Amino acid sequence: MALVLPSILSADFARLGEEIGRMEASGAKMLHLDVMDGHFVPNLTIGPPVVASIRKATRLTLDVHLMISNPDDHILSFLEAGADQISVHQEVTPHLDRTVRAIQSEGARAGVVINPATPVSTLEEIVEIADYVLVMSVNPGFGGQRFIPRSIDKIRMLREWRQARGLGFQIEVDGGVSLSNAGALVNAGCDWLVAGSAIFHAADPGATFAAMQREAEVASLTQV
Ligand code: DX5
Ligand code: ZN
């Protein structure tokens, strides 16, 4: 069953515990945390201390998306802070195999992320061991951007690989996800849909999350 992951990037950071509690109460299972370094992407967000505080405030699975130039230097800190799974960008991780194995050796799930301009073909080897692939459907750095339609083809290609090669990785999508494209994304092959502004900028974030989750579930049931 596909899951919607609220991305706290668009939440009110002064009331983060409350915002997360509302997602939990509305049925969320996983939470997406965006880590940005002002170098790999042109924005700055949170580090391990904030992840550790969130860990104390919720039992939701914490999905940490590292948008930083030197992920290898920080993986352990994020795992110690309470991350359940960590994704690193293909574009800044030269020894992707080593990095994925390092995350997994600590008992966490490891994901690899590709930017909109990075072809799926760059993941041909790593999908053999990665736990999930995150397809960026906007250029990373900011919430509230428009979904890049070509991302759907990349998701379909990953699903085909998964089927043809009998692999078990999950497919995640991040950027411009909303109620209007959630069903199509699940139909294309997505297991995890990350949504920030569509949820937290809505008049009723809890109800909007629940509506998106329902949409994802209906699409999962009718998936061909
Ligand atoms: C963007 C982040 C996303 C962001 C998505 O670089 O990785 O997780 O929160 O925001 P929306 O859903 O508003 O596009
Ligand atoms: Zn993200």
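Described below are features of the structure shown in this document. Computed from a prediction, not measured in an experiment: that's the story for all the values here. (Residues numbered from 1 in each chain as written. Chains lettered and ligands numbered in written order. Predicted model: local features only at pLDDT ≥ 70, side-chain atom pairs only at ≥ 80, totals over all residues. Heavy atoms only, no water.)

1. A look at the overall build of the protein chain
Looking only at helices and strands, the protein chain features eight helices and eight strands. In terms of overall dimensions, the protein chain is globule-like: its C-alpha atoms have a radius of gyration of 16 Å, near the 17 Å expected for 224 residues. Along the longest, intermediate and shortest principal axes, the C-alpha atoms of the protein chain span 40 × 40 × 30 Å. The buried share among the 224 residues of the protein chain stands at 53%. A fraction of 65% describes how many contacts in the protein chain between residues 6 or more apart in sequence connect residues 24 or more apart. For the protein chain, the computed accessible surface area is about 9,600 Å², with 50% contributed by carbon and sulfur atoms. If you average the places of the 17 positive and of the 26 negative side-chain charges in the protein chain, the two averages end up 4 Å apart. (Helix = DSSP H or I, 4+ residues; strand = E, 2+ residues; numbered from the N terminus. Rg over C-alpha atoms; globule rule 2.2 N^0.38 Å. Buried < 20%, exposed > 50% of the residue type's maximum accessible area, 1.4 Å probe, protein only. Contact = heavy atoms within 4.5 Å. Areas by Shrake-Rupley, 256 points an atom, 1.4 Å probe, with all protein chains shown as cover. Lys, Arg positive; Asp, Glu negative; His and termini not counted. Charge placed at Lys NZ, Arg CZ, Asp CG, Glu CD.)

2. A look at the sheet that holds strand E2 (residues 30-36)
The strand order across the open sheet formed by eight strands is E1-E8-E7-E6-E5-E4-E3-E2, and the pairing between neighbours is parallel. In this open sheet, the two strands that pair with only one neighbour each are strand E1 (3-6) and E2. Direction aside, the axes of adjacent strands within the sheet are offset by 25 degrees on average. The pairing of strand E7 (residues 170-174) with strand E8 (residues 192-195) spans three bridges and is parallel. Residue pairing for E8: Asp174 is matched across the bridge by Val194. (Pairing = 2+ DSSP bridges. Axes fitted to C-alpha atoms, helices over the stretch in contact; angles between N-to-C directions.)

3. A few points about the environment of Gly141
Within the secondary structure, Gly141 is located in the loop between strand E6 (132-136) and helix H5 (151-165). For Gly141, the residues in contact, after removing those within four places along its chain, are Met36, Val41, Asn43 and Met67.

4. Some words on the side chain of His89
The topology assignment puts His89 in strand E4 (residues 85-89). Among the polar contacts listed, one links the side chain of His89 to the side chain of Glu91, at a separation of 2.9 Å. Contacts of His89, omitting those with residues within four sequence positions, involve Phe40, His65, Leu66, Met67, Val113, Asn115, Met136 and Pro140. (Polar contact = N/O pair within 3.5 Å; in protein donor to acceptor, adjacent residues only side chain to side chain.)

5. Some words on the coordination of the zinc ion (ligand 2)
In this structure, His32 (NE2), Asp34 (OD), His65 (ND1) and Asp174 (OD) serve as the protein donors to the zinc ion (ligand 2), at separations of 2.0 to 2.3 Å. Between the six donor atoms coordinating the zinc ion (ligand 2), the angles at the centre fall across 70 to 169 degrees, so the site counts as octahedral. Counting residues between consecutive donors of the zinc ion (ligand 2) along the chain gives the motif H-x1-D-x30-H-x108-D. Note that His65 is positioned in strand E3 (residues 61-67) and Asp174 in strand E7, a separation of 109 residues in sequence. Note on accessibility: His65 and Asp174 belong to one class, buried. (Donors = N, O, S within 2.8 Å, 3.2 Å for Na, K, Ca; no water. Tetrahedral: all angles 85-135°; square planar, octahedral: opposite > 155°, others 65-115°.)

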